[in-house]
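# Architecture and fold: a report
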Amino acid sequence: MKVTLLGTGCPQCHTKRYGPANLVRHGDVSVLVDCGSGVTQRLVGAGSPGGGLDAVLLTHLHSDHLVDLYQLMVSGWHQGRSTPQRIYGPKGTRAYVDGLLDLWKDERNLRIAHEQRPSSAGFTAEVVEYGEGPVVELPGLSVSAVKVDHRPVEEAYGFVFRADDGSTAVFSGDTRYCPALIEAARGTDVLIHECFIHGLMKPVPGMRTQEGIDAVASYHTLSAEVGKVAAEARARFLMLNHFVPAEFDREALSAEVARDFTGPFAIGEDLMSYDIPTRTLTHGDAHWRLGERPA
């Protein structure tokens, strides 16, 4: 199983950290986890265009995690997709997708009529709403959901991927410190976890207040906590992603995480990949096995 961080950013606009999205590949199966801004470009950059996805999984219905869903369908159709996009999301996903397709109905029908492609099926969606427990079974790969604590968002989940070679990968989704997630991630090969870097965001008159900053921090996992989460889960490898804010001191963050987690970890970057069987981390032209260089 191979995990690729497609977008490691947040709602802030950033040229190097796109919106939250991740890709899991195993054998011939490709699964997208969340659909943040720029995901279609990142999928192409990862060598796995969205037209070939077997499933799209949404952790929750915050806009930064699904804003490019319609663009994914457009580009997938352009890439030759001839089957409906299969979308798995929490309660409310079907209504969201129906509304999204209805909003773009006239534009979509015009495209289909004008471009005269062999099939329009790729421009449709099949939606499955899931709860805690099994989500989908794919060839050689199964996914289950664990409810996480992102209140006031009630329907928020992390995912546990299990491959037929015994490898596992756990995605935190958006959550504050969550014992249920820690239990689900126990002994996982890789834990992909969000990170709110506490103390960097400051009040800006007319833009954000300290109360607002505190409110956002309250339903995310702080940088001072994420190492503890990985340690308690006994994760074999930790990949940090979905950074708030998008700009930060990498060395300072690494030092903060290392105070609690003595295992290997990586400060995620867009298009960074981790191959579980070979324990190889890849970013751009750089390849290294875990332990060859510091995080």
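This structure is a prediction, so every number in the text was calculated from the model and none was measured.

The rules we used
- Residues numbered from 1 in each chain as written.
- Predicted model: local features only at pLDDT ≥ 70, side-chain atom pairs only at ≥ 80, totals over all residues.
- Heavy atoms only, no water.
- Phe/Tyr/Trp six-rings, centres within 6.5 Å; stacked < 30°, edge-to-face > 60°.
- Helix = DSSP H or I, 4+ residues; strand = E, 2+ residues; numbered from the N terminus.
- Buried < 20%, exposed > 50% of the residue type's maximum accessible area, 1.4 Å probe, protein only.
- Lys NZ or Arg CZ within 6 Å of the ring centre and 35° of its normal.
- Core = buried A, V, L, I, M, F, W, Y, C linked by side-chain atoms within 4.5 Å.
- Contact = heavy atoms within 4.5 Å.
- Pairing = 2+ DSSP bridges.
- Axes fitted to C-alpha atoms, helices over the stretch in contact; angles between N-to-C directions.
- Salt bridge = Lys/Arg side-chain N within 4 Å of Asp/Glu carboxyl O.

### Let's talk about the packing of aromatic side chains
- Counted by the stated rule, this structure contains eight aromatic pairs.
- Where Tyr 70 meets Trp 104, the ring centres are 5.2 Å apart and the plane angle is 10 degrees; that geometry is what we call stacked. Within this pair, whereas Tyr 70 is found in helix 2 (residues 69-78), its partner Trp 104 is found in the loop between helix 3 (93-103) and helix 4 (105-115), the two being separated by 34 residues in sequence.
- Owing to a relative accessible area of 7%, Tyr 70 belongs among the buried residues under this scheme.
- Taking relative accessible area as the criterion, Trp 104 reaches 37% and is therefore assigned partly exposed.
- These aromatic residues form a ring-pair network of at least three members: Tyr 70, Trp 77, Trp 104 and Phe 123.
- The side chain of Arg 42 reaches across the aromatic face of Tyr 18, ending 3.7 Å from its centre.

### Some remarks on the nonpolar core
- In this structure, Leu 57, Phe 159, Phe 161, Val 190 and Met 239 are the most contacted members of the largest nonpolar core, which totals 34 residues.
- For this core, the element with the highest residue contribution is strand 9 (residues 157-163), accounting for four residues.
- Every residue in contact with Leu 57, bar those within four places of it in the chain, is listed here: Val 31, Leu 32, Val 33, Asp 34, Tyr 88, Val 135, Val 136, Val 143, Phe 159 and Phe 161.
- Judged by nonpolar contacts, the second largest core, of 27 residues, contains Val 148, Leu 181, Val 229 and Phe 248.

### Remarks on the sheet that holds strand 2 (residues 21-26)
- Across the sheet, nine strands lie side by side as 6-5-4-3-2-1-14-15-16; this open sheet has mixed pairing. Looking along the sheet, the strands with just one partner apiece sit at the ends: strand 6 (125-129) and strand 16 (286-289). Pairwise comparison of adjacent strand axes, ignoring direction, gives a mean angle of 20 degrees for this sheet.
- Running over the sheet, helix 2 touches strand 3 (29-33), strand 4 (55-57), strand 5 (85-89) and strand 6 and is turned about 160 degrees from strand 5.

### Looking at the pattern of salt bridges
- In the structure shown here, the tally under the stated rule is twelve salt bridges.
- With a closest N to O distance of 2.4 Å, Glu 107 and Arg 111 form a salt bridge. Of this pair, Glu 107 and Arg 111 both sit in helix 4, four residues apart, roughly one helical turn.
- Classification of Glu 107 by relative accessible area gives partly exposed; the value is 24%.
- As a salt-bridge pair, Arg 117 and Glu 115 come within 2.8 Å of each other at their nearest N and O atoms.
- Taking the relative accessible area as the measure of exposure, Arg 117 reaches 34% and is therefore partly exposed.
- Take Glu 115: its relative accessible area is 27%, and that puts it in the partly exposed class.
- Each of Glu 107, Arg 111, Glu 115 and Arg 117 takes part in a single network of salt bridges with overlapping partners.

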